[in-house]
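Topology and contacts: notes
For reference, the chains in residue letters:
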Protein chains: 2
Amino acid sequence: MSKIGFIGLGIMGKPMARNLVKAGYELVVYDVNAAPMAELVETGKAEAAASPAEVAAKCDITLIMVPNSPHVKAAVLGANGAIEGAAPGKLVVDMSSIDPMVSREVGKALEAKGIFFMDAPVSGGEPKAIDGTLSFMVGGRQEDFDRAEPILKCMGASVVRCGDIGAGNVTKLANQIVVALNIAAVSEAMVLATKAGVDPELVYKAIRGGLAGSTVMDAKVPLALARKFNPGFRINLHIKDLANAISVGHEVGVPLPLTAQIMETMQALRVDGMGDLDHGAIIRHYEKLAQVEVKKQG
Amino acid sequence: MSKIGFIGLGIMGKPMARNLVKAGYELVVYDVNAAPMAELVETGKAEAAASPAEVAAKCDITLIMVPNSPHVKAAVLGANGAIEGAAPGKLVVDMSSIDPMVSREVGKALEAKGIFFMDAPVSGGEPKAIDGTLSFMVGGRQEDFDRAEPILKCMGASVVRCGDIGAGNVTKLANQIVVALNIAAVSEAMVLATKAGVDPELVYKAIRGGLAGSTVMDAKVPLALARKFNPGFRINLHIKDLANAISVGHEVGVPLPLTAQIMETMQALRVDGMGDLDHGAIIRHYEKLAQVEVKKQG
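Values in this document were obtained by computation on a predicted structure and should not be read as measured data.

Residue Gly232(A) follows Pro231(A) across a cis peptide bond; omega there is 5°. Mapped onto the fold, Gly232(A) is located in the loop between helix H11 (215–225) and helix H12 (235–252). Its identity as a non-glycine residue notwithstanding, Asn80(A) has a phi of 60°, on the positive side. When you line up the elements, Asn80(A) lands in the loop between helix H4 (69–77) and helix H5 (82–85). In this model, Arg227(B) sits at a positive phi of 55°, which is unusual for a non-glycine residue.

Right under this line is the structure:
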């Protein structure tokens, strides 16, 4: 069995790589920092590479998990990038959450050399990366999906092909738009109810079973009532995703007025020092506007 | 058993009154139009009154179901209003969806004459009014709630007390804010995905089970994909509710920037002749901006 390449051993990548080791795979790893590489090497199941090119040269399938579009371009197309090491027929799977237009650009560059590519961003964050229960949204050819699926399943509870290259990241962006705006929706509603003198917990209980109900409402309202805003999923990261959504909107011609507004609201929270809080802290923006706190009464 | 008073026999009120008749109650009814009163009288279980005052004079409990705040004020506090007929100790229950500040004002005026009052708006719309499966959100004293609950249960599947007078309508407004913005959220997300070349149905299937999932997503996305926008709940009515939410926000000091934006988006749809479509047609605003349709492929 060929070793699996793994580029990017950060907060997400490291536990994901560990789950591959647990599943019995041997890895060739690369990160810009030496420390997480050393940690993986200590398992006895991973060797450290000097560059993404070396990783791709040694492995049939190379996985990438880095922060954003520029890092993916650098790791694949940059100097000593995966494209320099990979032979025709090999597969690169980028699990980073990035601009889908960049996924398509990277896919085209690799295709020109006969190398296959898929974008496979995840949702679920660090806890699910550790548990191996991420949700993968995958874009790419069905044959490549079939090839990578058993590997991705070692890191995720759900692995869904959404279309061709870029479709994974488009789906992820759609997800992030809905989540951000659903948090904003319950935030305005709960702040209004609270300052109008109604117990927000009773409002939550009265409306959660009807058309207003959502996974966001059940996940975030109880945390807001308990004043718990530790991440979870950081506002800073959510801003990055929405900026990518806006960028795609500009590229393909889709105005996103509400997405832009909630992105800038999160920007205001970041400027106010709350960028590392959970995105549930979006409610604090509306609380500040109204000078009231949505909290458990009595 | 005292007869039940019922003021307002419109699209919602008439089927609700019929459900009371079915449950064995006798009614005294009033409406500004003679036709729906005649229909109720034909059941043999209702008598028509000449004014709200006459209804309230003849019944211990009077229910109201009219379009908006001014109609409630007219029916209760206006010339020949319920306040003129009701004796101390009687109970008026307003089931209309109105500005909660008006609920409190009406409650205060009645209280000054020893008459009890509750606001008890519903969600569910005409189909659930007919089926008797509405959800009641009630504001008022616990004693009054206990008195009215068996009657409301003949018309609703759920009857929840949310606090004192006004709390019912505050809860309803919170509900309507969340519903409107959750529809807008899936709209921007699905329009982006579609124009970015990804099958919106696959996006829906990929994200509905995660944090982005909502009752709105499951209720409205399949209808949008099938291009079905018949009501349901009309945009015109949703605008009324959001205008009441904004009004409460002004009164108690809660800025509602996203609510204001989606209200004006619905306004644009109304101006464009779509006010009588289901609020799921909000997606058509974003489709028009992007010049694309979110529909089932193949």
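For the pair chain B and chain A, the superposition axis carries a translation of 0.0 Å, the fit reaches an RMSD of 0.0 Å, and the rotation angle comes to 180°. The operation mapping one copy onto its partner corresponds to a two-fold rotation axis. Among all C-alpha atoms of chain B, that of Ser214(B) lies closest to the rotation axis, at 1.9 Å. Of the residues that chain B buries at the interface, 100% are likewise interface residues in chain A, meaning the two copies contact each other through the same surface.

Residues and elements named next belong to chain A. For chain A, the assigned domains are domain 1 (4–164) and domain 2 (171–290). In this structure, domain 1 and domain 2 have C-alpha centres spaced 30 Å apart. Listed by partner, the interface residues are 13 residues for domain 1 and 11 residues for domain 2. Carbon and sulfur atoms supply 60% of the area that domain 1 and domain 2 bury against each other, a total of about 970 Å² over both sides. Taken together, the connections running from domain 1 to domain 2 amount to 0 salt bridges. On the surface where domain 1 and domain 2 come into contact, there are 6 residue pairs in polar contact (both at pLDDT 80 or more). Of all the secondary structure elements, the ones that give two or more residues to the side of domain 1 that touches domain 2 are helix H6 (100–111) and strand E7 (122–123). Among the residues forming the side of domain 1 that touches domain 2, the class breakdown is 8 nonpolar, 4 polar and 1 charged.

About the thresholds
Residues numbered from 1 in each chain as written. Chains lettered and ligands numbered in written order. Predicted model: local features only at pLDDT ≥ 70, side-chain atom pairs only at ≥ 80, totals over all residues. Heavy atoms only, no water. Helix = DSSP H or I, 4+ residues; strand = E, 2+ residues; numbered from the N terminus. Least-squares fit on C-alpha atoms with pLDDT ≥ 70 in both. Contact = heavy atoms within 4.5 Å. Domains from an automatic or database assignment. Buried area = accessible area lost by both parts, 1.4 Å probe. Salt bridge = Lys/Arg side-chain N within 4 Å of Asp/Glu carboxyl O. Polar contact = N/O pair within 3.5 Å; in protein donor to acceptor, adjacent residues only side chain to side chain. Nonpolar A, V, L, I, M, F, W, Y, C, P; charged D, E, K, R; others polar.

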